[in-house]
Structures are given as structure tokens and as C-alpha cells.
Amino acid sequence: MELSNPLISDYTWANKPSVAPLGQIICVTDIGENGSLWRGNGTKWVRLNPIKIFSLSAPFSLTNSTSVVTLATITIPAGLLGANGKLKIYPLWATTNNANVKTLRLNIGGVVCSTMTSQSVPNNSGLLIIRNINSESAQKCSSGLVAGIGASSGSIASPTVDTSAATTITITGQLAVGTDTLTLEDLFVEVV
Amino acid sequence: MKTIAATVINEVVTPIEPMPIDAKLIVFNGTEYVIYEDGDELPVIE
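Residues numbered from 1 in each chain as written. Chains lettered and ligands numbered in written order. Predicted model: local features only at pLDDT ≥ 70, side-chain atom pairs only at ≥ 80, totals over all residues.

Draft legend 1. Quick peek at the overall build of chain A. From N to C terminus, chain A includes 0 helices and 15 strands. Considered along the principal axes of its C-alpha atoms, chain A spans approximately 60 × 40 × 25 Å. Out of the 192 residues belonging to chain A, those deemed buried represent 34%. Sequence-distant contacts, at least 24 apart, represent 58% of the contacts inside chain A between residues at least 6 apart. (Helix = DSSP H or I, 4+ residues; strand = E, 2+ residues; numbered from the N terminus. Buried ≥ 20, exposed ≤ 12 C-beta atoms within 10 Å, placed from the backbone. Contact = placed C-beta atoms within 7 Å.)

Draft legend 2. Structural view of the interface of chain B and chain A. Between chain B and chain A, the residue contacts involve 16 residues of the former and 18 residues of the latter. Within the residue set of the side of chain B that touches chain A, elements represented by two or more residues are β2 (12-15) and β3 (25-28) of chain B. Partitioning the side of chain B that touches chain A into residue classes produces 10 nonpolar, 3 polar and 3 charged. As defined by bridge partners, strand β6 (residues 60-63) of chain A adjoins β3(B) across 3 bridges and the pair is classed as parallel. Paired with A:Leu62 across the strands is B:Phe28, a residue of β3(B). (Nonpolar A, V, L, I, M, F, W, Y, C, P; charged D, E, K, R; others polar. Pairing = 2+ DSSP bridges.)

Draft legend 3. Looking closely at the domain arrangement of chain A. Residue and element names in this part refer to chain A. Partitioning chain A into domains gives domain 1 (9-47) and domain 2 (51-191). Just the C-alpha atoms count here: the centres of domain 1 and domain 2 sit 28 Å apart. The interface of domain 1 with domain 2 comprises 6 residues on the first partner and 5 residues on the second. Considered class by class, the residues forming the side of domain 1 that touches domain 2 number 2 nonpolar, 2 polar and 2 charged. (Domains from an automatic or database assignment.)

Draft legend 4. Looking closely at unusual backbone geometry. Notably, A:Asn64 is not glycine yet its phi reads approximately 60°, a positive angle. Secondary-structure assignment places A:Asn64 in the loop between β6 and β7 (68-76). Judged by C-beta crowding, with 15 C-beta atoms within 10 Å, A:Asn64 ranks as partly exposed. Of note in the backbone geometry, B:Glu11 takes a positive phi value of approximately 70° without being a glycine. Secondary-structure assignment places B:Glu11 in the loop between β1 (2-9) and β2.

Draft legend 5. Expanded view of the pairing of β3(B). Residue and element names in this part refer to chain B. Two strands pair when backbone bridges link them, and β3 and strand β4 (residues 32-36) are joined in this way by 4 bridges, in the antiparallel orientation. Bridging from a neighbouring strand, Leu25 pairs with Tyr36 of β4. Two successive antiparallel strands, β3 and β4, enclose a turn made up of 3 residues, where Gly30 displays a positive phi of approximately 100°.

Next up, the structure:
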């Protein structure tokens, strides 16, 4: 039997209907791995599930430099997060296993939001969370964590980036000693 | 294999053009971004 569901229409994020009737479900074809489902609440479209919006296409190695180097750039479409949306960023990164410091930083809208450091281990798997707090222009994220979650003596970062406009997330790497290597093996980003 | 030049913006080294999505490995070697593609011999990363 031919699969058919005339009740769910396809839109892009840019051309989705401005009205969001309560209970109406649409598919946004350009957000998510193979599109994503959104349900109207009478006022706006609300995502039905977490959405993976970025996946690193190839490992990225940094060496022979002590500069801050861009490893990945991710564009968050305007208004995708909403006033209480969260961005979950999962880096997997390998480093030269010695006592020298290697640093991975997360920037949102040009502002450093989180910093992860690594010493004397061969790899790190982290989770960095950017949280919109009741506003599309007010974020909070923890800082100073080795792995991105857990206890931290650092203060909570509070950027004020307007995510109602398209927003750029940048991941940078930096070596304290240029002969070391930092490799971003994988990275994916989820919106919840 | 191809290379993409780097520039410095706000004290951050940044590629002058977007990275390709079909690379096998990207290396910043201190000067430029080296893009390894299908069929290229990959360097040993230590």
C-alpha cells in the first residue's frame, strides 16, 4: 500500500507558516538529519523531539601552533532555539598524552562561553550546554570544566546573544606547546 | 589534497573559506589548513 499522510505538510524553516494552529503538525525539511516534526501550540511551532543539527564531517587536527585556531563553525538558524531552548554540544577530542595544556573553547556569537582543558590523557569526551533562559537573548553555561559537566570552581557564563537572529557557534583549539597535537575527532550538536 | 589559507580575525586563526564537507581529515599545520581527500595518504597523528 502506498504510504500517504496528507495531514503533515513539508516546509523549510524560512517559509513555515506564521500561524501555528493548536495540534497542527508540520515537517521542517531543512532542520535535522532528515527533517523534523513541529506541532503548533496556538501561538508558535514547538519541536516534538530533540534535533541533531550538526555533525562534524571529518576529524580536524591542530599542531605546530600556539594560536587559537577555529576547528568548527556551526550556524544556528534564526529563532530555532526559542526562549527556553538548549544547545547540547558533544566534542570527542584526542590529544598528545603529556602534561602540557590543550584547550577547547566554545564561542557563541563571538563570546567565549565554555572552556575545556586537557592534560596527561589521550582523549576527552565532553558535553557543553548553552541554555536560553526565558529569553532568546539570555544564555547561561558552565565554564572551567575539564569535561564540560560536573563540579566547577568557575563562575557561570551569561552571554546575551540574540538567538532570534542567525547565530554562529565556533569551536576553537589551542596548544600551550606547539609541537603537541589536538585532534577534534567528532562533534555533534543537538537542540532540545 | 588541497590547502585553504588562514587569516586572523579577532586573534583567532580562521579559514578564508568554508571547509569542504567531503574531506577525510583536516590539519592546521601552523600556517594553513591542509585538506586530505579520498585517496590521499593520511598523516600519522600522534
